[in-house]
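Chain and residue survey
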Amino acid sequence: MTEEKEFDYENYIKRRLREIDDLDERRYAKELLLGSLGELAAWTEAKYKALEQRIREDLDNPWKGFQTAMTVIDRADYDPINPFWRPVCGEDLKPPKGSGRMTVYLMADDAACQRFMEQGTVYAADRETGQQLCYSIVQPERYQMCMERLYTLFIRNHVPWQTVQTGHLERFFDLVPDETVPDKAQPVFQWGDFSSCVQEDIIPLWNMQEKVLQSQEFRHPCIDEVVYEHVYYVGEYGNSTDGCLVDAGENVRSIRYEKNKVILQTGREIPGDISVCRLYQGDRGNSYGYHYPVLSNHNGKEVELVNGFQRREVTRYVSRNLEDLTLYLYLRDTEGRERYRFCLDCALEQFREVTYEEIQEAYSTRIPQKDTDSIVDNELRFFAWKRSQEWGYVIVPVYRKEERLYMGDMQFFPFEHEGWTMNLYDGMK
């Protein structure tokens, strides 16, 4: 590839002006060449560099803004001002009324979820009358429709489909009452063997927010047929790192993204309103109650496990497949600079089979039961929490194999290394 050298127009004109002996003619040529034509040349060069920069950005991983993330929270903890997380279905924000359809979340592995689904029905007793109530167990259709719509948006926007981690959605189940259940019944469910893993009032969230926009202007490109180009200004709604998916029906011929605006080409003079789905890629916020695992199709992003300067000593974890027993950790100082890195290797022969009661006896509530019940087969979780008095942190690995839990030894690490105060990050989430 041949690299084009930049032409210094200003210095070239100044040098050639010295060849004009007549001073009045030299003065006139300077005003014309450096004044009028010089400004035109500078403007053209600036536009050229902006176009070059845009092409470089498009070629540098053009789909990095379309990564998805998903988590779950208690419905009561939903934070509407958190810019990152939005409900997968808006109707989930409304609690169920009376004896109508309700949704539960199963904190269990795939095998347990399959058994729960195959069970077919679940029974409850009316709180007031004691009448037995019957509910059918079905997969929520609304989440499947959301995934199908997201896939359609990727295709229509000519963005390569990037698989969504649906591990959370696969654990939601709708309970549909049969015709014998009274409208005003107050069910108390009998979960049986699933009583420890069924969670009510849990809703799924993802990093996609939808907003309706109106066209601000349009013009006619000079081509053989009439094609209208409509401009939709995103404004502060957009972010340079976020991906935008436009939902404008099937009549859109092309979609172009520019800074703070989306440009559509369509055969219709008035396309009407469109909706822009923004895939947020920024800070996930720090809302109360947002402590459930985050599933993402994005690898390589750092996730903070332990912060030595936070007063609360919360437990966090990261997951690995049993085929990858190495955890890469990074220590950063108060300014975010990396000061030390190391890897934590685990050998399966160092683990022992345990029950949750044994985990609780060893670490009390540091490792909550809900976080061990939700470990699936062949998943390894590294639990980490701070020890303020010792100015350090501990890591405890736990994995599940054939529905049995295994736990490794606890390892302690200091927050200080080579005189620096650090925070701990996982570099392979």
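Source: prediction; values computed, not measured.

Looking now at the side chain of Arg-171. Within the fold, Arg-171 resides in the loop between helix 4 (141-156) and strand 6 (172-177). Ignoring sequence-local partners within four residues, the contact set of Arg-171 consists of Val-104, Tyr-105, Leu-106, Ala-108, Asp-109, Asp-110, Cys-113 and Val-376.

With that settled, the discussion passes to the nonpolar core. Core analysis: the biggest nonpolar cluster contains 24 residues, and Met-147, Leu-150, Phe-154, Phe-172, Trp-206 and Leu-245 have the highest contact counts within it. For this core, the secondary structure elements donating two or more residues are strand 1 (69-74), helix 4, strand 9 (202-206) and strand 16 (274-279). A total of six residues in this core trace back to one element, the largest contributor, which is helix 4. Setting aside residues no more than four positions away along its own chain, Leu-245 makes contact with Phe-66, Leu-150, Leu-153, Phe-154, Asn-157, Val-159, Tyr-257, Ser-275, Val-276, Cys-277 and Leu-279. Ala-112, Val-122, Phe-189 and Trp-191 belong to the second-largest nonpolar core, a separate cluster that totals 21 residues.

Bringing helix 4 into the picture now. Relative to the 22 Å expected for 16 residues at 1.5 Å per residue, helix 4 spans 23 Å between its end C-alpha atoms, a close match to the ideal helical length. Residues of helix 4 that are buried include every one of Arg-142, Tyr-143, Cys-146, Met-147, Leu-150, Leu-153 and Phe-154, and no others. Along the long axis of helix 4, the arc covered by the buried residues comes to 145°, so they all point the same way. The exposed residues of helix 4 that point more than 90 degrees off its buried face are Glu-141 and Met-145.

To continue, consider the pattern of salt bridges. Pairing is possible between side chains of opposite charge, provided their charged atoms come close. This structure, assessed with the given rule, holds 14 salt bridges. Residue Asp-201 is joined to Arg-75 by a salt bridge in which the shortest nitrogen-to-oxygen separation is 2.5 Å. In this pair, Asp-201 is assigned in the loop between strand 8 (198-200) and strand 9 and Arg-75 in the loop between strand 1 and strand 2 (86-87), connecting sequence segments 126 residues apart. One salt bridge connects Glu-353 with Arg-404, and the closest N-O pair in it is separated by 3.9 Å. A residue pair is termed long-range when its members are at least 10 positions apart, and Glu-353 in strand 22 (residues 352-354) and Arg-404 in strand 25 (residues 404-407) qualify at 51 residues. Given a relative accessible area of 47%, Arg-404 falls into the partly exposed group.

What follows concerns the sheet that holds strand 13 (residues 243-247). Strand order in the open sheet formed by three strands is 10-16-13, and the pairing between neighbours is antiparallel. Among the strands making up the open sheet, the edge pair consists of strand 10 (208-213) and strand 13. Strand after strand, the sheet turns through a mean of 25° between neighbouring axes, direction not considered. Here helix 4 sits on the sheet in contact with strand 10, strand 13 and strand 16, set at roughly 95° to strand 13.

The next thing to look at is unusual backbone geometry. Non-glycine residue Glu-402 carries a positive phi angle of around 55°. Positive phi, normally seen in glycine, also occurs at Glu-403, with a value near 65°. With respect to the helices, strands and loops of the structure, Glu-403 is situated in the loop between strand 24 (392-401) and strand 25.

Here we have six strands laid out as an open sheet, ordered 7-4-5-6-3-8, and antiparallel in their pairing. Of all strands in the sheet, those bounded by a partner on one side alone are strand 7 (187-190) and strand 8. Shown here is a sheet whose adjacent strand axes are inclined to one another by a mean of 40°, direction ignored. Direction of pairing for strand 5 (residues 132-138) relative to strand 6: antiparallel, over a ladder of four bridges. Paired with Ile-137 across the two strands is Leu-175, which belongs to strand 6.

What follows is about the packing of aromatic side chains. Evaluation of the coordinates by the stated rule reveals 13 aromatic pairs. Relative to Phe-194, the ring of Phe-116 has its centre 5.1 Å away and its plane inclined at 75°; by these criteria the two rings are edge-to-face. Taken together, the residues Phe-116 in helix 3 (residues 110-119) and Phe-194 in the loop between strand 7 and strand 8 connect sequence positions 78 residues apart. Assessed through its relative accessible area of 1%, Phe-116 is described here as buried. Joined through ring pairs, the aromatic side chains of Phe-84, Trp-85 and Tyr-280 make up one cluster. Lying over the aromatic face of Tyr-143, Arg-142 brings its terminal NZ or CZ to 4.6 Å of the ring centre. The ring centre of Tyr-292 lies 5.0 Å from the NZ or CZ of Lys-370, which sits over that ring.

Criteria and cut-off values
- The residue count restarts for each chain, going from 1 along the sequence in the order it is written.
- Thresholds applied to this predicted model are a pLDDT of at least 70 for local features of residues and 80 or more for the giving and counting of side-chain atom pairs; totals over whole chains, interfaces and linings are not thresholded and use all residues.
- Note that the side-chain values use all heavy atoms of the structure and ignore hydrogens as well as water.
- Counting from the N terminus, the helices are DSSP H or I runs at least four residues long and the strands are E runs at least two residues long.
- Every residue pair with non-hydrogen atoms within 4.5 Å of one another is taken to be in contact.
- Note on terminology: a nonpolar core comprises buried Ala, Val, Leu, Ile, Met, Phe, Trp, Tyr and Cys residues joined through side-chain atoms within 4.5 Å.
- Partly exposed describes any residue whose relative accessible area lies between the buried limit of under 20% and the exposed limit of over 50%, with all areas from a 1.4 Å probe on protein chains only and scaled to the type maximum.
- Each residue after the first adds 1.5 Å to the expected span of a helix.
- The arc refers to the directions leading from the helix axis to the C-beta atoms.
- Salt bridge, as used here: a side-chain nitrogen of Lys or Arg that lies within 4 Å of a carboxyl oxygen of Asp or Glu.
- The criterion for strand pairing is that DSSP finds at least two bridges linking the strands in question.
- Under this scheme, a helix contributes an axis fitted over its contacting stretch, all axes are lines through C-alpha atoms, and angles between N-to-C directions fall in the 0 to 180 degree range.
- Only the six-membered ring of Trp is used, alongside the rings of Phe and Tyr, when aromatic pairs are assigned; centres must lie within 6.5 Å, and planes under 30 degrees apart are stacked while those over 60 apart are edge-to-face, with the rest tilted.
- For a ring to carry a charge above it, either NZ of a lysine or CZ of an arginine must fall within 6 Å of the ring centroid while also lying within 35 degrees of the normal to the ring plane.

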